[in-house]
Amino acid sequence: NQIVGREMMRMKKLSFKDIEIKLPERVFNFNSTKELKFENELIGQKRAFEAINFGLAIQEKGYNIFVVGPTGTGRRTSVKQILEKTAKKMPTPDDWIYVYNFDNPAEPWAINLKAGDGKKFKESMEKLVEEISTALSKAFESEDYSRIISEIEDEYTKKKRELWENLLAQAKELGYLVQITPTGIATIPLVDDKPITPETFATLPDDIKRDIEERGLQVKHFVEKAMQRSRKLDNELKEKLAEQDKYVALFAIGTLFEETVKPFLDNKRIVEYLEKVKNDVIENIRNILNEEKREAVFARYKVNLFVDNSNLEGAPVIEDMHPTYSNVFGKIEYIARMGMMFTDYTFIVPGSIHRANGGFLILDSIDVLKYPYVWDTLKKTLMAGVAKIENVEGRIGLSSFKSPRPEPIPINVKVIIIGNELTYYLLYNYDPDFRKLFKIKSEFDWEIPLNEENTKKYIQFITSIINKYSLLDFTSDACKEVVKFGLRLSKDKQKLSASFNKIESLLIESSQIARNKSKDLVDSSDVKEAIEKAEERVRLIQEKYDEMILRGDIMVETEGRKVGQINGLTVTELEDHSFGMPVKITAKTYLGKIGVLDIQREADLSGKIHRKAVLTLENFLGWKYAQKTPISLSASISFEQVYSYLEGDSASVAETLAVISAISEIPLKQSIAVTGSMNQHGEVQPVGGIPEKVEGFFRICKAKGLTGEHGVIIPAANAENLVLKDEVLEAIKEGKFHIWTINDIDEAIEIMTDKKAGKLSKNGNYTRGSVNYFVCKRLEKMHNLLEGKEEKKGKSRKKKPKTKK
């Protein structure tokens, strides 16, 4: 019997000093934030920061980082600050360019250059193209070039003339005349050195005809040989002119290429590319000199500056706020020309993973999983270590366009994903690749310890927000109110909330309230007003419930005493507001052996935790009061006027008190509300929502009129959660409202009944006159009554009626 021999701490009625918030006063040794030096330091979260720094220090594959924590705890801001600080110490990664592939135009080359050289090379190529155009035009329009070309052409013209003269002479010797006609070369027979007509030829004797025809065949043979030789001379002329053009071109542009390649001689790929460009220029001289064709040639010499790190100091830190497939992994764009879709290597667009290459990429877990194919492609990219640029329609095999196939780029990037615990564990349990790729988990706490160091950093955070948004400066007292608000958000007097987005909103709104009053500084009253106004904007539902209680639509009594009736406390949590309110809990007992009947459970309006609490209550009653006599009664418990789903065990103390009252027929105070969970030993356990519950009951009591008898009973372990509003603290200070802390159910009994709970003696009986004594007596009475009824029924069945003869 564990509870009997243990010396228990007695319940305590808390004083104002017990409840008031105590801050490290030395930290507030300033008049206003004007006097403070702006320092943008990270607050608390030592565990999270150490994990991030550890992950950043490991360069091996797979040590990417998943950051978890509630929204508003400064996860994103802190991660960026850490990454930017680390990135400054790292080398600046290379630039990347895409250029035309002269061997296979469908597969553009990817070339990396030192940071800043990509931009320089692009400018150099643009300058080179202009200089090529000018140099070639100048060289091929010069008098020297014209003279040389004329000499070459004259030489070949002379050779062709000699060839023709020889042909004529040979034909004449054979009695033929050779003439050039519109339809070709004609051979005409001569008689007496005069051409003869077909009519004359027809009148000649046959032997003369045969002689003329034989000589004609010889002439045709000479003509064919002459034509072959002529064509050969034409080809030789063309080659001679082309060689001359190449010579002139090389002479004109050779120096230009030498100057262009000089800064990039240590980059073999650039040297190779420029050599290919030079050869292509030589092969396309005539197209370059033709204004209509020049642009098409020069388009191949454009440089797509894919990743430009010229303005970067250290490694890149890229945060992709809209991580679609194209935004992360790049894309190939198209333009419409005369109803046709056109693209080339200059339309290759980088994604955030390319811009973050050599540094860090920050992504949001929900967004990464929300957009199609992003998560799968991210995993494949990190595993392969290369980034392939492919449009999403090509990725899934639905593209109807023939697109360039850019050369993949090697990737060395550390990915930091920011998400919540649920997403982390879903990926951890259901995606085996996740464990391989994200081996570092960084957990951000939703609260940080209240101490001098963290309070200083809290104030530094205040100054950073003032600086960021150009707010009015805050007085020392105003800063105190902000810190108190941080405690209130955490619902713990020893913990500051890490919900910095809410703190930021409070600072902005406080400053605006002070501006509206034409103040130069924000004081404590402005902060309090901002807190009140922010709550007022979202508490309509709360006010509606309060109104229904005050009108009697929801029946809650705050005076007198009642048997089997008690005020429990509940918390209603909305998306933007949570508030507490009292609820009437009633218990009824009657003869039977059913045990404790939970009406909410029977109506299927309670959750598993609440069902467990009722079973705990039933077993507690058996353990505490049925050691000598079995419990022979049934008890029903109900949360009156609660029609929604009920979950939690924070009302188990109140339910127990209501049942004990119903059994013992000792009334309970209605001026005191009770919250707390209980185990089978009757020990009271801490629960959540303490500030809301206390303030919820206080609101109703205040509205009905405080008498000095009102108060709330809470678990002793929850004393540190009493971060209450000023009006509640003031009422406690004036003795109009009270808070008791308890460690076990007996302490609650004594507060609620003003009677001793009663201790168990060695003979197994409770102290005479105590509440526990009356409970046992009532249970014994009901058991005897139940047993007595059964006995009478049994006897009546044994007796037989007598008959007279």
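All of these numbers come straight from a predicted model, not from anything done at the bench.

Engineer: What exactly am I supposed to notice about the sheet that holds strand S3 (residues 95–99) here?
Structural biologist: Think of a sheet as strands paired side by side through backbone hydrogen bonds, with each pair either parallel or antiparallel. As summarised here, the arrangement of the three strands in space is S4-S3-S8, forming an open sheet in which the pairing is antiparallel. Both edges of this open sheet fall to strand S4 (109–113) and strand S8 (304–307), since each of them pairs with a single strand only. Neighbour to neighbour, the strand axes of the sheet diverge by 35 degrees on average, direction disregarded. Two strands pair when backbone bridges link them, and S3 and S4 are joined in this way by five bridges, in the antiparallel orientation. For isoleucine 97, the partnering residue across the bridge sits in S4 and is isoleucine 111. Sheet strands in contact with helix H4 (residues 117–140) are S3, S4 and S8, and its direction is about 35 degrees off that of S3. Packed on one face of the sheet, helix H8 (residues 268–283) meets S3 and S4 and runs near 130 degrees to S4.

Engineer: Teacher, can you tell me more about the packing of aromatic side chains here?
Structural biologist: Here the distance between the centres and the angle between the planes together describe a pair of aromatic rings. Scanning all chains against the criterion turns up 27 aromatic pairs. Pairing tyrosine 100 with phenylalanine 102 gives two aromatic rings, centres 5.0 Å apart and planes at 75 degrees, and the pair type is edge-to-face. Residue classification places tyrosine 100 among the buried positions, given a relative accessible area of 17%. Seen in terms of ring centroids, phenylalanine 434 and phenylalanine 438 are 5.5 Å apart; in terms of plane orientation they differ by 20 degrees. Their pairing is stacked. By the ring-pair criterion, three or more aromatic residues cluster together here, those being Tyr100, Phe102, Phe121, Phe264, Tyr273, Phe298, Tyr301 and Tyr345. The positively charged end of lysine 159 is found above the aromatic ring belonging to tyrosine 156, 4.9 Å away from the centroid.

Engineer: What should I look at first to understand the packing of helix H22 (residues 540–551) against helix H26 (residues 690–704) in this one?
Structural biologist: Relative orientation and spacing of two packed helices are given, respectively, by the angle between their axes and the distance between those axes. It is at 11 Å that the axes of H22 and H26 come closest, and there the two elements cross at 50 degrees. When the axes of H22 and H26 are compared, the pair comes out oblique. H22 and H26 meet at a crossing whose hand is right-handed. For the pair H22 and H26, contact is made by Gln542, Asp546, Ile549 and Leu550 and by Arg699, Ile700, Ala703 and Lys704, respectively. Grouping the amino acids of the contact of H22 with H26 by side-chain chemistry returns four nonpolar, one polar and three charged.

Engineer: I'm lost on the packing of helix H25 (residues 652–664) against helix H28 (residues 745–753) in this one. Help?
Structural biologist: Contact pair H25 / H28: the axes reach a minimum separation of 10 Å and the direction vectors enclose 60 degrees. Here H28 runs oblique to H25, going by the angle between their axes. As for the relative orientation of H25 and H28, their crossing is right-handed in sense. Between H25 and H28, the contacting residues are Val653, Thr656, Leu657 and Ile660 on the first element and Ile745, Ala748, Ile749 and Met752 on the second. When its residues are assigned to classes, the contact of H25 with H28 shows seven nonpolar, one polar and no charged.

Engineer: Before we go on, may I ask you to explain the confidence of the model for the protein in this structure?
Structural biologist: Do not read the fine detail of predicted coordinates wherever pLDDT is low. Summing up the model confidence of the protein, the mean pLDDT is 89 and the portion of residues at 70 or higher is 95%. Note on residues 1–9: pLDDT is under 50 here. Beyond four places in sequence and across chains, it has eleven contacts. In the model, residues 790–801 has pLDDT below 50 throughout and makes zero contacts with residues more than four positions away in sequence or in other chains.

Engineer: Looking at this model, I keep getting lost on unusual backbone geometry. Mind explaining?
Structural biologist: Note: most residues except glycine have negative phi, and most peptide bonds are trans. Even without being a glycine, serine 518 presents a positive backbone phi close to 60 degrees. Relative to the assigned elements, serine 518 resides in the loop between helix H20 (500–516) and strand S22 (521–522). Unlike most non-glycine residues, glutamine 641 shows phi in positive territory, near 60 degrees. You can see glutamine 641 is positioned in the loop between strand S27 (633–639) and H25.

Criteria and cut-off values
- Residues numbered from 1 in each chain as written.
- Predicted model: local features only at pLDDT ≥ 70, side-chain atom pairs only at ≥ 80, totals over all residues.
- Heavy atoms only, no water.
- Pairing = 2+ DSSP bridges.
- Helix = DSSP H or I, 4+ residues; strand = E, 2+ residues; numbered from the N terminus.
- Axes fitted to C-alpha atoms, helices over the stretch in contact; angles between N-to-C directions.
- Contact = heavy atoms within 4.5 Å.
- Phe/Tyr/Trp six-rings, centres within 6.5 Å; stacked < 30°, edge-to-face > 60°.
- Buried < 20%, exposed > 50% of the residue type's maximum accessible area, 1.4 Å probe, protein only.
- Lys NZ or Arg CZ within 6 Å of the ring centre and 35° of its normal.
- Parallel < 35°, antiparallel > 145°, perpendicular 65-115°, else oblique.
- Left-handed = near helix turned anticlockwise from the far one by under 90°.
- Nonpolar A, V, L, I, M, F, W, Y, C, P; charged D, E, K, R; others polar.
- pLDDT = per-residue confidence, 0-100.

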